[in-house]
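What follows is the residue order along each chain.
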Amino acid sequence: MVKHKYLQNVATLKLNREKCVGCGMCLNVCPHGVFELTKGKAQVVNLDNCMECGACLKNCAFSAITVSPGVGCASAIIKGFLTGSEPSCDCSGGESC
């Protein structure tokens, strides 16, 4: 299981359980254990582990998942690390992440 977390409550990941058919593909492709199956449908259980890679989105044949891959705070943290700059998740203008 993943021992790290990204910034709390900022991932753009959303799951529409009404559209979910419980195929489990999101569980199979998620590298950070964000999902689990509960009562035959996927459920987001570790949102703060989401790095917004988009694997779940690309592999959900039922359009039950939305996420903006590479534009959220997880991407900013990685970019900050690689460039040696402070992470910025574009929270300017008074809006919170």
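Details of the structure are given in the entry above.
Colleague: How do you make sense of the overall build of the protein chain when you look at a structure like this?
Modeller: From N to C terminus, the protein chain includes 3 helices and 4 strands. Start at the N end of the protein chain and walk to the C end: the helices and strands fall as β-α-β-β-α-β-α. Considering the protein chain as a whole, with its 97 residues, one finds that 30% of them fall into the buried category. For the protein chain, long-range pairs separated by at least 24 residues make up 53% of all intrachain contacts whose partners lie at least 6 apart in sequence. Looking at the protein chain as shown, the accessible area adds up to about 6,200 Å², and 53% of this sits on carbon and sulfur atoms.

Colleague: Would you take a moment to explain the nonpolar core for this structure?
Modeller: Across soluble globular proteins, you tend to see nonpolar side chains buried next to one another. One finds Leu 13, Cys 26, Val 34, Phe 35, Cys 50, Cys 56 and Ile 65 to be the most contacted residues of the largest nonpolar core, which totals 14 residues. What Leu 13 contacts, discounting residues up to four positions off in sequence, is Val 34, Phe 35, Val 44, Leu 47, Cys 50, Cys 56, Ile 65, Thr 66 and Val 67.

Colleague: Got a minute to help me understand unusual backbone geometry in this structure?
Modeller: It is generally the case that most residues other than glycine have a negative phi and that most peptide bonds are trans. The backbone of Lys 39 shows a phi angle near 55 degrees, a positive value even though the residue is not glycine. If you trace the backbone, Lys 39 turns up in the loop between β2 (35-38) and β3 (41-44). Unlike most non-glycine residues, Ser 63 shows phi in positive territory, near 55 degrees. Relative to the helices and strands, Ser 63 is located in the loop between α2 (55-59) and β4 (65-66). The exposure class assigned to Ser 63 is partly exposed, which follows from its relative accessible area of 49%.

Colleague: Just to check I follow, could you spell out a nonpolar patch on the surface for this structure?
Modeller: Judged by side-chain polarity, Ile 78, Phe 81 and Leu 82 come together as a nonpolar surface patch covering roughly 380 Å² of accessible area. Relative to the elements of secondary structure, Leu 82 occurs in helix α3 (residues 73-83).

Colleague: Would you mind showing me how to read the pairing of β3 here?
Modeller: Here is the key point about a regular strand: its side chains alternate between the two faces of the sheet. Pairing between β2 and β3: 4 bridges, direction antiparallel. Residue pairing across strands places Glu 36 opposite Gln 43, the latter belonging to β3. Connecting β2 to the next strand, β3, in antiparallel fashion are 2 residues, including Lys 39 with a positive phi near 55 degrees.

The rules behind the values
- Residues numbered from 1 in each chain as written.
- Predicted model: local features only at pLDDT ≥ 70, side-chain atom pairs only at ≥ 80, totals over all residues.
- Heavy atoms only, no water.
- Helix = DSSP H or I, 4+ residues; strand = E, 2+ residues; numbered from the N terminus.
- Buried < 20%, exposed > 50% of the residue type's maximum accessible area, 1.4 Å probe, protein only.
- Contact = heavy atoms within 4.5 Å.
- Areas by Shrake-Rupley, 256 points an atom, 1.4 Å probe, with all protein chains shown as cover.
- Core = buried A, V, L, I, M, F, W, Y, C linked by side-chain atoms within 4.5 Å.
- Patch = residues over 30% accessible without salt bridge, like charges linked within 9 Å, V, L, I, M, F, W, Y side chains within 5 Å.
- Salt bridge = Lys/Arg side-chain N within 4 Å of Asp/Glu carboxyl O.
- Pairing = 2+ DSSP bridges.

Structural measurements only, silent on function.
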